[in-house]
Structures are given as C-alpha cells and as structure tokens.
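The residues making up each chain are set out below.
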Amino acid sequence: DAGVIQSPRHEVTEMGQEVTLRCKPISGHNSLFWYRQTMMRGLELLIYFNNNVPIDDSGMPEDRFSAKMPNASFSTLKIQPSEPRDSAVYFCASSQVRYNEQFFGPGTRLTVL
Amino acid sequence: GQQLNQSPQSMFIQEGEDVSMNCTSSSIFNTWLWYKQDPGEGPVLLIALYKAGELTSNGRLTAQFGITRKDSFLNISASIPSDVGIYFCAGPGKLIFGQGTTLQVKP
C-alpha cells in the first residue's frame, strides 16, 4: 500500500512567485493534515481536513496561505505570493481517525529566494 | 494552550547503550504517540499509547503512558547506528508535537 505521496519533493522559487504543494493521502483515510517544519519553530500544524472539509485553519500563518481538498484523494497547499520566510519543509499527513496515528509523507522542501 | 516539554533535547551515546527520553504535558492526555524522523524524511509512527499506565514495546523500543496522564517515556535498548534521528512525542488535540530529541549513536 502506497503511503502519503507529496510533490514536488523540492521546490526553489523566487520571492513573489506562487507555490503549490500537492498531497495524496493514504486511500481510506478521512483526515488530512498540513504541517510546516523549521529549525526555529519545529513542527507546526497549519490546517487539517476531515472528510474533505477544512476543520481548523488557525495555524495558517496569514492570508498568503490557502489549502484545498477537492476530493478524498487530493489536497493542495498554496502560497501566493511567497516570501523567503516561508522557506521550510512542508509535510502532509493522513489518518483514519482524527488526530491519532497520523502517517506522514516525505515532505516538500521549499526554498524561497 | 497545550504545551509539550520533551527532554533531553539531544543525546550522543555509544552503540549498545540504552536510551531514555520523556515528554510532559501541561494538561491531561488520553493519547500519547512517539514518532521518529530520519534525515530528509517525514516522521514515522513508532508507538501509540491509549491508556494510563500502558506499557508497549516495539522491538527494542518501549514506551509508557504515565499514570498521571501528563507524561510519557520512550526507552531504546541496545542502541544501534540506525537509531540515529529525531524522536518526537505527540499528543492529541491537533497532534501537538514536542520539540524533539536528537539522538546520535557512535559506532
């Protein structure tokens, strides 16, 4: 069974550009989570979906960030416009039961120049 | 809000030694999770605990759900080089993560 799939694995862009990160959760999982990891702040939950519906986006840093889940097998995290301080590793995770036993993807390493 | 305090922040040990790390919470948890993150990868779930006092093993790893429900412990016996990585504790309620314990093992 394939795990959580994220793309791209690495993204380098210039400040002001739009960035779209993609995630395919594990089939059958009904909760999906987006995290950001930095040295300074560790792992931070940005937003999570339950049955494709955004439940809590209080972790989204600002309006430049948006996330969608159009169906059970796909989600995107978009940053527009991107800034250097957005540089981090972004993880997507999914689970069958809300909160518990989340399975993480390999992450997308974003560098904004 | 809920906070997790994980210690130690880092450990540098000799291969074969046992390792112990712990996590405390400012509030009562009904679930404790332990993850390991290898360099360049996402965290991988090691052990999940659901009951106060529960002691669960996964190979050389043993984790315990503290009786107070505000703490948890992870032990690694007879460490090997592939144990290197960052170990995170996590609790429910948006899956709050501890700061992580970075483990380095000297062959």
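Structure's up top.
Here the residue index of a chain counts from 1 through its sequence in written order. Here every chain gets a letter starting at A, and every ligand a number starting at 1, in the order they are written. Residues qualify for local features only when their pLDDT is at least 70, as the model is predicted, and side-chain atom pairs are given and counted only at 80 or more; totals for whole chains, interfaces and linings, by contrast, use all residues. Each side-chain value is worked out from all heavy atoms of the structure, with water and hydrogens disregarded.

## Description of the overall build of chain A
Each helix is a run of H or I in the DSSP string that is no shorter than four residues. Each strand is a run of E no shorter than two, and both are numbered from the N terminus. What chain A contains, in helices and strands, is zero helices and eleven strands. The N-to-C order of helical and strand elements in chain A reads β-β-β-β-β-β-β-β-β-β-β. Values of the radius of gyration come from C-alpha atoms, whereas the globule rule sets the reference at 2.2 Å times the count of residues to the power 0.38. The C-alpha radius of gyration computed for chain A amounts to 13 Å, which stays within 12% of the reference 13 Å derived for 113 residues, consistent with globular compactness. Seen along its three principal axes, the alpha-carbon backbone of chain A occupies a region of about 35 × 25 × 25 Å.

## Here's the deal with the sheet that holds strand E8 (residues 74-79) of chain A
All names here are of chain A. At least two DSSP bridges between two strands are required for those strands to pair. Taken in spatial order, the four strands of this open sheet run E1-E3-E8-E7, and their pairing is antiparallel. Strands with a single pairing partner mark the edges of an open sheet, and in this sheet they are strand E1 (5-7) and strand E7 (65-71). Sheet twist, expressed as the mean angle between neighbouring strand axes with direction ignored, is 15°. Each axis is a line fitted through C-alpha atoms, and for a helix only the stretch in contact is used; angles between axes span 0 to 180 degrees, taken between their N-to-C directions.

## With respect to the state of the cysteines
We call a pair of cysteine sulfur atoms a disulfide when they lie within 2.5 Å. Under the definition given, this model contains two disulfides over all chains. With its sulfur 1.9 Å from that of its partner, Cys23(A) forms a disulfide with Cys92(A). With the S-S dihedral at roughly -65°, the linkage between Cys23(A) and Cys92(A) falls on the left-handed side. Note that Cys23(A) is positioned in strand E3 (residues 19-24) and Cys92(A) in strand E9 (residues 88-95), a separation of 69 residues in sequence. Exposure is judged per residue with a 1.4 Å probe applied to protein chains only, and the accessible area is read against the type maximum: over 50% gives exposed, under 20% gives buried, and values in between give partly exposed. With relative accessibility at 1%, the residue Cys23(A) sits in the buried group. By relative accessible area, Cys92(A) is classed as buried at 0%. Across a sulfur-sulfur distance of 1.8 Å, Cys23(B) and Cys89(B) are joined as a disulfide pair.

## A look at the pairing of strand E8 (residues 71-76) of chain B
Residue and element names in this part refer to chain B. One ladder, built from six bridges, connects strand E3 (residues 19-25) with E8; its direction is antiparallel. Of the residues in E8, the one forming a bridge with Asn 22 is Phe 73. In the sheet, strand E7 (residues 61-65) pairs with E8 via five bridges, with the strands oriented antiparallel. Residue pairing for E8: Leu 61 is matched across the bridge by Ile 76. Between the antiparallel neighbours E7 and E8 lie five residues, among them Arg 69 with a positive phi of about 65°.

## A look at the interface of chain A and chain B
Contacts are assigned to residue pairs that have any heavy atoms within 4.5 Å of one another. In this complex, chain A contributes 16 residues to the contact, which on the side of chain B involves 17 residues. Salt bridges are defined as contacts in which a side-chain nitrogen from Lys or Arg sits within 4 Å of a carboxyl oxygen from Asp or Glu. At the surface where chain A touches chain B, the tally comes to zero salt bridges. Any pair of nitrogen or oxygen atoms within 3.5 Å is treated as a polar contact; in protein, a donor-acceptor pairing is required on top of that, and neighbouring residues in sequence qualify only through side-chain atoms on both sides. Where chain A meets chain B, there are four residue pairs in polar contact (both at pLDDT 80 or more). Every element with two or more residues in the side of chain A that touches chain B is listed here: strand E4 (31-38) and strand E5 (42-50) of chain A. By residue number, the principal contributor to the side of chain A that touches chain B is E5(A), which donates three residues.

## Observations regarding the pattern of salt bridges
Applying the stated criterion to the full structure yields ten salt bridges over all chains. A salt bridge links Lys36(B) to Asp38(B), with the shortest nitrogen-to-oxygen separation between them at 3.1 Å. Residue class for Lys36(B) comes out buried when judged on its relative accessible area of 13%. Salt bridges sharing common partners tie together Glu62(A), Arg64(A), Glu83(A), Arg85(A) and Asp86(A).

So yeah, pure geometry; function would need other evidence.
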